[in-house]
Amino acid sequence: MKLFRYLNQSIGLTQATVVLLASVFIGLIFSTLYLSYNLSDQRRDAMTLTEEILTAAEGGATNAAWTLNANLATQVTNSMVALGNVQTAELLDDNGQILAKANAPQKQSNALITWFSSTFIGEQIRGERELTVTVGDKVQKVGSLSINLDVSHITNNFFILASTVFIAALIQAFSIALVLLWLSSRLVTSPLKRAAIAIANIDPKNPEAMTLPIPAKHEQNELGHLLKHANKMLSRLYITQEQLRNLATRDPLTNQPNRTLITDRLSRALKTAQRNNTLVAVLFMDLDRFKNINDSLGHDIGDILLIETASRLTKILRSNDSVGRLGGDEFLIILEDVHDIDEIVRTVQRISDALSDPYFLQGHEVLTSGSVGIAVYPDDGEDTSTLMRCADLAMYEAKGSTTRWHFFAEEMSDRVDARLKTEAALGHALERHEFLLHFQPKIATKDHSLAGCEALLRWRSDPQSLAAGDFIGIAEDSGIIVEIGAWVLEQACKQIRDWSTRYGDIPISINVSGRQLKEVDFVYQTLSTIRRYGINPSLIELEITETILIDALDESFNILKQLREAGITISIDDFGTGYSSLSYLTRLPVDTLKIDRSFVSGPQRSKAVLEMIVSMAKTLQLKTVAEGVETQGQRNWLTYEGCDYLQGYLFSRPIPAVEFEDLFLQQTSYLKSKAK
């Protein structure tokens, strides 16, 4: 086994071994054939010799047999044995009686020769001659002469010849194998070994840095073609690696560093700044109004805008600074070798000015700007993730500033930490049963009766004491609003069923977030919950904000159409704060407009706007609900203008179900007293 493993390590040695074995095998075959033929020749020669000896002795033997001369007969047989090749000679008379017989001395031979002689030659080669005389014209037999040749000398000669032939065949086979080994090593193995060494030395990260050498004598043969194809393969591999490296580290749209590469550059910049005791500024920037530009002018224009933005940033920055696209309209800018804050401010100002210049994109003049958040090493952080996070927080602060850029401040991080804690607590609020519903009544202006109520979510274990609107926003961003919304619907259905058995049908309206509407099974889950509690779908009103509906008008239409066809009432919440357009109101399958409180009791209250909304709703045969009713005067005026329902602190704050029952379901006199 070791021999085979060793042979497998060398093509030349394997070839030589195969040739050697083949040469030996073929040599043995031809040698055997030659020796067989030679052995047959020697046997024929021996038979011929036998006949010649008998012929030579025939005359004397005939005379001895005719005259029955024993002495002469003895002389004849002895002379024949004396030749050396004759083992025995025997002369018989015409009656078959022995006149004379001679035997050569017995020679010693080994067992191999004896076996070979008896097997392939025969123990003896016998010759016999009939002796006759002519008397008158009659031939008369007078006796017979026979001899047996000694075959040992034939065997000895054959073994000598066989040894010579086999040794010559082996020498020839080894010589051929050695010559082939030398030629193979010189012409094949050595070039292959050099190619293997060259391949082993190729840098996988830079395969084109070394090409495989092609020996001059092998340029046109198979080895040369193999090495040429290998070099072409290395070249293609290098090109492919460059493309993959570019895809892995470059943004395909702007060809600027992507998140991976820009983060790596930031890491190296921090190490350099630490050695040189300098500052590094990390700028997190996004384009203002990019989504509107993308939606209104198309994604092609948006892509061109991003390419032009990257080009402007590159021209502004120094050669040792870096800009990378993180995704969407977000860019990360690294300012290296900074010595004071003024340098950062000047660069940021140049960036803001450059981005504020008009963009001329395929015949469109586009105006935008950039919001830039700034974090500085080492004051705001000493690692890439911290600095990028701080710059990101500062960027959101920049959106509300007049300069459109903002340095990171510690309180930003505190707010984010508080938000993260709230988000984490929200994740367990459902399983800990920390949510509950409060109910705020809706009063009909026609007869001052209870028309229903709105279910409002409350969090009993809110660690930050956030208003409902604040934690709802966090729930929306984190996605847990989907589970919370499903819980609210289920609790509302359960409450409707409970009140129906005791007080009759009380409609309840609940708020639906945009995140819930994006769920593919929202309609199915909503209808399944209502059916599970066996309540009338018309007792559920879904309130959806105006901006959520407009963001995906076609999708919203399909969803609302299915819900409304099932009997659910649809209300547009916070109406007037968005588009407030007749073009979409006529398309959407809705029942009610809920006028935002800012027009009733807020700083933007306006009788003209209220009159317009109520008039528009009547034209479209929609009901109206006014939120934020706090004074009797507001109630009277809204009633006079024809608003259908009122809701606000004038009637009640949102209260638990038990209090709601006491005030509005059991004490009917409460509403009457409020109506006066």
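Our subject is the structure listed above.
A brief structural summary. (Residues numbered from 1 in each chain as written. Predicted model: local features only at pLDDT ≥ 70, side-chain atom pairs only at ≥ 80, totals over all residues. Heavy atoms only, no water.)

1. Description of the sheet that holds strand β3 (residues 125–135)
In spatial order, the strands read β2-β1-β4-β3; together these 4 strands make up an open sheet with antiparallel pairing. With partners counted over all chains shown, the strands left at the sheet margins are β2 (98–103) and β3, one partner each. Across the sheet, the mean angle from the axis of one strand to that of its neighbour is 15°, orientation sign disregarded. Strand direction decides the pairing type here: strand β1 (residues 86–93) and β2, joined by 5 bridges, are antiparallel. Looking at the pairing, Thr 88 lines up with Asn 103 of β2. Each of β1, β2 and β4 (138–149) touches helix α3 (residues 70–81); the most contacted strand, β2, lies at about 25° to it. (Pairing = 2+ DSSP bridges. Helix = DSSP H or I, 4+ residues; strand = E, 2+ residues; numbered from the N terminus. Axes fitted to C-alpha atoms, helices over the stretch in contact; angles between N-to-C directions. Contact = heavy atoms within 4.5 Å.)

2. Notes on α3
Since the α-helix packs 3.6 residues into each turn, any two residues three or four apart lie on the same face. For α3, built from 12 residues, the straight-helix expectation of 16 Å at 1.5 Å per residue is met to within 8% by its first-to-last C-alpha distance of 17 Å. Where α3 is concerned, the buried positions are Ala 73, Val 76, Thr 77, Met 80 and Val 81. Across the axial projection of α3, the buried residues extend over an arc of 130°, all falling on one side. When the buried face of α3 is taken as reference, the exposed residues oriented beyond 90 degrees from it are Asn 71 and Gln 75. Regarding α3, its N-cap is Asn 69, as a side-chain oxygen of that residue lies 3.1 Å from the backbone nitrogen of Asn 71 further along. (Expected span 1.5 Å × (residues − 1). Buried < 20%, exposed > 50% of the residue type's maximum accessible area, 1.4 Å probe, protein only. Arc of directions from axis to C-beta. Polar contact = N/O pair within 3.5 Å; in protein donor to acceptor, adjacent residues only side chain to side chain.)

3. A short note on the environment of Ile 26
Here Ile 26 is to be found in helix α2 (residues 11–67). As for Ile 26 and Ala 169, which are separated by 143 residues in sequence, their C-alpha atoms are 9.0 Å apart.

4. Considerations on a nonpolar patch on the surface
A cluster of nonpolar side chains, namely Phe 25, Ile 26, Ile 29, Phe 30 and Leu 33, defines an oily patch on the protein surface of about 540 Å² accessible area. Here Phe 30 shows up in helix α2. (Patch = residues over 30% accessible without salt bridge, like charges linked within 9 Å, V, L, I, M, F, W, Y side chains within 5 Å. Areas by Shrake-Rupley, 256 points an atom, 1.4 Å probe, with all protein chains shown as cover. Salt bridge = Lys/Arg side-chain N within 4 Å of Asp/Glu carboxyl O.)

5. A word on unusual backbone geometry
The amide bond that connects Tyr 377 to the next residue, Pro 378, takes the cis arrangement and shows omega of 5°. Inspection of the secondary structure assignment puts Pro 378 in the loop between β10 (370–377) and α11 (384–398). Its identity as a non-glycine residue notwithstanding, Arg 289 has a phi of 65°, on the positive side. Relative to the helices and strands, Arg 289 is located in the loop between β5 (279–287) and α8 (290–297). Accessibility expressed as a relative area gives 48% for Arg 289, which makes it partly exposed.

6. A word on the nonpolar core
If you look at the biggest cluster of nonpolar residues, it comprises 72 residues, and the most contacted ones within it are Phe 439, Ile 484, Trp 499, Ile 508, Ile 540, Leu 542 and Leu 638. A total of 8 residues in this core trace back to one element, the largest contributor, which is helix α14 (residues 481–502). With sequence-adjacent residues up to four places away left out, Trp 499 is seen in contact with Phe 439, Cys 453, Gly 504, Ile 506, Ile 508, Ala 657, Phe 660, Glu 661 and Leu 665. (Core = buried A, V, L, I, M, F, W, Y, C linked by side-chain atoms within 4.5 Å.)

7. Describing the environment of Asp 379
Counting through the fold element by element, Asp 379 comes out in the loop between β10 and α11. Between the alpha carbons of Asp 379 and Val 280 there is a distance of 9.8 Å; along the sequence they are 99 residues apart.

8. Some details on helix α22 (residues 657–666)
Within α22, burial applies to Ala 657, Phe 660, Glu 661, Phe 664 and Leu 665. Down the axis of α22, the buried set is contained in an arc of 110°. They therefore lie on one face.

9. Here's the deal with the sheet that holds β5
The mixed open sheet is built from 5 strands, whose spatial order is β6-β7-β5-β10-β11. At either margin of the open sheet sits one strand with a lone partner, and together these are β6 (322–327) and β11 (405–407). Across the sheet, the axes of successive neighbouring strands diverge by a mean angle of 20°, strand direction being ignored. Sitting on the sheet, helix α7 (residues 259–276) is in contact with β5, β6, β7 (330–338) and β10, with an inclination near 140° to β6.

10. Here we look at the packing of α14 against α22
Relative orientation of the contacting elements α14 and α22 amounts to 35°, with a least axis distance of 13 Å. Here the hand of the crossing between α14 and α22 comes out right-handed. Of the residues in α22, those in contact with Gln 495, Asp 498, Trp 499 and Arg 502 of α14 are Ala 657, Phe 660, Glu 661 and Leu 665. For the contact of α14 with α22, the class distribution of residues is 4 nonpolar, 1 polar and 3 charged. (Left-handed = near helix turned anticlockwise from the far one by under 90°. Nonpolar A, V, L, I, M, F, W, Y, C, P; charged D, E, K, R; others polar.)

11. Concerning the pattern of salt bridges
Under the counting rule described, the total for this entry stands at 19 salt bridges. Measuring nitrogen to oxygen at the nearest pair gives 2.8 Å for the salt bridge that ties Asp 321 to Arg 318. For Arg 318, a relative accessible area of 35% puts it in the partly exposed group. Ionic pairing is found between Arg 502 and Glu 661, a salt bridge with its closest N-O pair at 2.9 Å.

12. Quick word on the packing of α14 against helix α16 (residues 522–533)
Orientation of α14 relative to α16, taken along the N-to-C sense of each, is 25°, at an axis distance of 9 Å. One way to sum up the angle between α14 and α16 is to call them roughly parallel. Crossing hand, α14 versus α16: right-handed. Residues Leu 489, Glu 490, Cys 493, Lys 494 and Arg 497 of α14 touch α16, and the partners they reach there are Thr 526, Thr 529, Ile 530, Arg 532 and Tyr 533. Class assignment of the residues belonging to the contact of α14 with α16 gives a composition of 4 nonpolar, 2 polar and 4 charged. (Parallel < 35°, antiparallel > 145°, perpendicular 65-115°, else oblique.)

13. Side note on the environment of Ala 273
Within the secondary structure, Ala 273 sits in helix α7. Given a relative accessible area of 3%, Ala 273 falls into the buried group. Linking Ala 273 and Glu 336, residues 63 residues apart in sequence, is a C-alpha distance of 7.6 Å. Those residues in contact with Ala 273 that lie beyond four places of it in its chain are Thr 278, Val 280 and Tyr 377.

14. A look at the packing of aromatic side chains
As enumerated under the stated definition, the model contains 9 aromatic pairs in all. With a centroid separation of 6.1 Å and 45° between ring planes, the pair formed by Phe 435 and Trp 459 is classed as tilted. In this pair, Phe 435 sits in strand β12 (residues 435–444) while Trp 459 sits in strand β13 (residues 450–459), placing the two residues 24 residues apart along the sequence. Following the ring pairs from residue to residue traces out a cluster consisting of Phe 435, Trp 459, Phe 471 and Trp 487. Here the basic side chain of Arg 312 rests over the ring of Tyr 359, its NZ or CZ set 3.6 Å away from the ring centre. (Phe/Tyr/Trp six-rings, centres within 6.5 Å; stacked < 30°, edge-to-face > 60°. Lys NZ or Arg CZ within 6 Å of the ring centre and 35° of its normal.)

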